[in-house]
Amino acid sequence: RLPGAYGGTAWGAYMLVGTLAWTGLAESLTRSTSALVEGRELVRKLAYPIELLPLVPALASIVLLTAGAVMVVALGWVTGLVPISPGLWALPLLAGLQAAFAVGLGWALAGLNACLRDVGQLLPLVLTAAMLATPVFWVASAELVPGLAPFLPYVEASPLTHVVDGWRAVLLGGLEGVPAPAPAEALAALAPWSCGALLLGRLVLARLEPLVLDEV
């Protein structure tokens with residue numbers, strides 16, 4: 001049970017939104033990573049911008065994630081279990097920031113996977129380890145998780161934590177007992193990581209483009 005929560009509604013909503021956010025991000029990265037290899041025929045056409053191949057699946061996954069979030073809000077309202085969150089105004093902004101974060105990482109991973117095929121094979125293992133290290137199914141609290149205190153600053157600073165916390169802040173802000181930052185705080189924490197990932201991913205893919213054209 002979450003600290004301060006009454007019944008199991010808060011814990012169930014906490015788990016549901018965390019799973020939804022993580023699944024959307026993981027799907028974006030997985031599909032983007034393999035995009036250049038799967039679209040090798042388009043890559044060989046020099047006039048086709050290779051950055052579009054990882055971009056499309058990443059954005060498609062974010063659209064599905066946003067649609068899932070809307071369904072969660074509607075379900076919570078219809079059943080009366082989860083009140084409408086006052087932070088819903090931030091939903092488009094959060095979706096845009098996660099899209100930028102996923103696209104940036106997707107560009108970098110797609111370029112690396114085209115040159116080193118082991119990247120795509122290792123990604124599911126890395127994503128599983130990252131999921132376990134991110135408060136998707138647990139609460140980032142030293143009181144609730146024994147032994148977490150030395151690692152708590154790293155967990156709280158992780159961009160993956162900011163992603164998950166952002167969706168909880170936006171969708172569950174009206175539910176008592178759910179630990180989540182204010183929507184504006186969540187957006188401010190994620191924005192630098194999203195911009196940095198987008199810039200870094202574009203630079204990595206541009207640097208690897210000659211190798212990508214040779215390898216695929």
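Scroll up a little and you will see the structure.
Here's a quick rundown of the structure.

Cut-off values and rules
Residues numbered from 1 in each chain as written. Predicted model: local features only at pLDDT ≥ 70, side-chain atom pairs only at ≥ 80, totals over all residues. Heavy atoms only, no water. Helix = DSSP H or I, 4+ residues; strand = E, 2+ residues; numbered from the N terminus. Contact = heavy atoms within 4.5 Å. Phe/Tyr/Trp six-rings, centres within 6.5 Å; stacked < 30°, edge-to-face > 60°. Buried < 20%, exposed > 50% of the residue type's maximum accessible area, 1.4 Å probe, protein only. Lys NZ or Arg CZ within 6 Å of the ring centre and 35° of its normal. Expected span 1.5 Å × (residues − 1). Polar contact = N/O pair within 3.5 Å; in protein donor to acceptor, adjacent residues only side chain to side chain.

## A few points about the side chain of His162
Mapped onto the secondary structure, His162 falls in helix α8 (residues 159–171). Look past the residues within four positions of His162 in its chain and what remains in contact with it is Glu156, Ala157, Ala189, Leu190 and Trp193.

## Some remarks on the packing of aromatic side chains
Summed over all chains, the structure comprises one aromatic pair. For the pair Trp11 and Tyr14, a centre-to-centre distance of 5.6 Å together with 15° between the ring planes defines the contact as stacked. One end of the pair, Trp11, and the other, Tyr14, are both in helix α1 (residues 9–33), three residues apart, so they sit about a helical turn from each other. Assessed through its relative accessible area of 29%, Trp11 is described here as partly exposed. We classify Tyr14 as buried; its relative accessible area is 2%. Positioned above the aromatic ring of Tyr14, the side-chain terminus of Arg168 is 3.5 Å from the ring centre.

## Describing α8
With 13 residues, α8 extends 19 Å between its outermost C-alpha atoms, agreeing within 8% with the 18 Å of an ideal straight helix rising 1.5 Å per residue. Across the 13 residues that make up α8, a large majority, 13, are buried. One side-chain oxygen at the N-terminal end of α8 lies 3.1 Å from the backbone nitrogen of Leu160; it belongs to Ser158.

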